[in-house]
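# Breakdown of the fold
The primary structure of each chain is shown beneath.
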Amino acid sequence: KQEVTQIPAALSVPEGENLVLNCSFTDSAIYNLQWFRQDPGKGLTSLLLIQSSQREQTSGRLNASLDKSSGRSTLYIAASQPGDSATYLCAVSRSGSRLTFGEGTQLTVNP
Amino acid sequence: DTEVTQTPKHLVMGMTNKKSLKCEQHMGHRAMYWYKQKAKKPPELMFVYSYEKLSINESVPSRFSPECPNSSLLNLHLHALQPEDSALYLCASSQIGARNQPQHFGDGTRLSIL
């Protein structure tokens, strides 16, 4: 059974700092890995998707990496802003339909 | 604004009521999903529809009844719910067989059972 772990559970940083969120998974036979953002009371917004054959994806200030063999992914956020405050969820898919989520990292960026 | 629209945004119902949650997308996606999310927990998959047919039921109690009347609509019919069913219900959609396409989520329906 796939298990996904995210560390840390919560993170508070001053504005402007670069930061890294971590995600690990136990079964390396994945289809893809996705990073989502969730604001309080809202749905999930897809940030980045990395296919199993890829090593990284970038979008603006966000960069996600994937090391499938070691079962790890990182989400790097450059020059953090208060608007980045949210819960960040990592999810892996084995079949393209069933997502297994981590517990999330709650990020607070202080002005 | 999200591309997956869920109605209503909030719903309060008694344990004997019957109500329905609605989800709509116009992105041409042929896979649609229902998730349940409790506070400070990740979403849990409930149902998956592929080409308007139920393909995954994660052992969900029969008081939740999904329906996919066409490729753009997904409903979740609720009957005789329990207080522990209070949660955020999220709908999502995606392309089928596309390894590089993410699931798109709606903003959810916040359900409270009295």
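That block above? That's the structure.
To keep things clear, this report deals only with the structure shown in the data block. (Residues numbered from 1 in each chain as written. Chains lettered and ligands numbered in written order. Predicted model: local features only at pLDDT ≥ 70, side-chain atom pairs only at ≥ 80, totals over all residues. Heavy atoms only, no water.)

## Some words on the overall build of chain A
Across its full length, chain A holds zero helices and 11 strands. Listed by position from the N terminus, the elements making up chain A come as β-β-β-β-β-β-β-β-β-β-β. In terms of overall dimensions, chain A has a C-alpha envelope of 40 × 25 × 20 Å along the principal axes. Per-residue burial for chain A yields a buried fraction of 45% across its 111 residues. Contacts in chain A between residues far apart in sequence, at least 24 positions, make up 54% of those at least 6 positions apart. For chain A, the accessible surface area stands at approximately 5200 Å², while carbon and sulfur atoms represent 46% of it. (Helix = DSSP H or I, 4+ residues; strand = E, 2+ residues; numbered from the N terminus. Buried < 20%, exposed > 50% of the residue type's maximum accessible area, 1.4 Å probe, protein only. Contact = heavy atoms within 4.5 Å. Areas by Shrake-Rupley, 256 points an atom, 1.4 Å probe, with all protein chains shown as cover.)

## What to know about the sheet that holds strand β1 (residues 4-7) of chain A
Residue and element names in this part refer to chain A. If you trace the five strands from one edge of the open sheet to the other, you get β1-β3-β8-β7-β6, paired in antiparallel fashion. Among the strands making up the open sheet, the edge pair consists of β1 and β6 (56-59). Within this sheet the neighbouring strands show an average axis-to-axis angle of 15°, counted without direction. (Pairing = 2+ DSSP bridges. Axes fitted to C-alpha atoms, helices over the stretch in contact; angles between N-to-C directions.)

## A word on the pattern of salt bridges
Taken as a whole, this structure holds seven salt bridges over all chains when the rule is applied. Here Asp27 of chain A ties to Arg94 of chain A by a salt bridge, and the two come within 2.7 Å at their closest N and O atoms. Taken together, the residues Asp27 of chain A in the loop between β3 (19-25) and β4 (32-38) and Arg94 of chain A in the loop between β9 (86-93) and β10 (99-101) connect sequence positions 67 residues apart. Among the residues examined, Asp27 of chain A registers a relative accessible area of 26% and is labelled partly exposed. Classification of Arg94 of chain A by relative accessible area gives exposed; the value is 56%. Residue Glu52 of chain B pairs with Arg30 of chain B through a salt bridge whose shortest N-O separation is 2.9 Å. One end of the pair, Glu52 of chain B, is in the loop between β5 (44-50) and β6 (53-57); the other, Arg30 of chain B, is in the loop between β3 (18-25) and β4 (31-37), with 22 residues separating them in the sequence. (Salt bridge = Lys/Arg side-chain N within 4 Å of Asp/Glu carboxyl O.)

## Some thoughts on the packing of aromatic side chains
Given two aromatic rings, one states the distance between the centres and the angle between the planes to describe the pair. Summed over the entire model, instances satisfying the criterion amount to six aromatic pairs over all chains. Centroid distance Phe36 of chain A to Phe105 of chain B: 5.5 Å. Interplanar angle 85°. Geometry classified as edge-to-face. One end of the pair, Phe36 of chain A, is in strand β4; the other, Phe105 of chain B, is in strand β10 (residues 104-105), on a second chain. Given a relative accessible area of 3%, Phe105 of chain B falls into the buried group. Seen in terms of ring centroids, Phe101 of chain A and Tyr35 of chain B are 6.1 Å apart; in terms of plane orientation they differ by 85°. Their pairing is edge-to-face. Taken together, the residues span two chains, with Phe101 of chain A in strand β10 and Tyr35 of chain B in strand β4. Of the two residues examined, Phe101 of chain A and Tyr35 of chain B, each falls in the buried class. One aromatic cluster in this structure is built from Phe36 and Phe101 of chain A together with Tyr33, Tyr35 and Phe105 of chain B. (Phe/Tyr/Trp six-rings, centres within 6.5 Å; stacked < 30°, edge-to-face > 60°.)

## Things to note about the interface of chain A and chain B
Opposite the 23 residues of chain A that make contact, chain B presents 24 residues. Regarding the contact of chain A and chain B, the summed buried area is about 1800 Å², with carbon and sulfur atoms giving 50% of it. Considering only the side of chain A, the residues that lose the most area to chain B are Tyr31, Leu44 and Arg98 of chain A, jointly responsible for 26% of the buried surface there. Connecting chain A to chain B are two salt bridges. Arg98 of chain A is the salt-bridge partner of Glu58 of chain B, the closest N and O atoms lying 2.7 Å from each other. At the junction of chain A with chain B, the criterion picks out four residue pairs in polar contact (both at pLDDT 80 or more). Elements that contribute at least two residues to the side of chain A that touches chain B include exactly β4, β5 (44-51) and β10 of chain A. Partitioning the side of chain A that touches chain B into residue classes produces eight nonpolar, 12 polar and three charged. (Buried area = accessible area lost by both parts, 1.4 Å probe. Polar contact = N/O pair within 3.5 Å; in protein donor to acceptor, adjacent residues only side chain to side chain. Nonpolar A, V, L, I, M, F, W, Y, C, P; charged D, E, K, R; others polar.)

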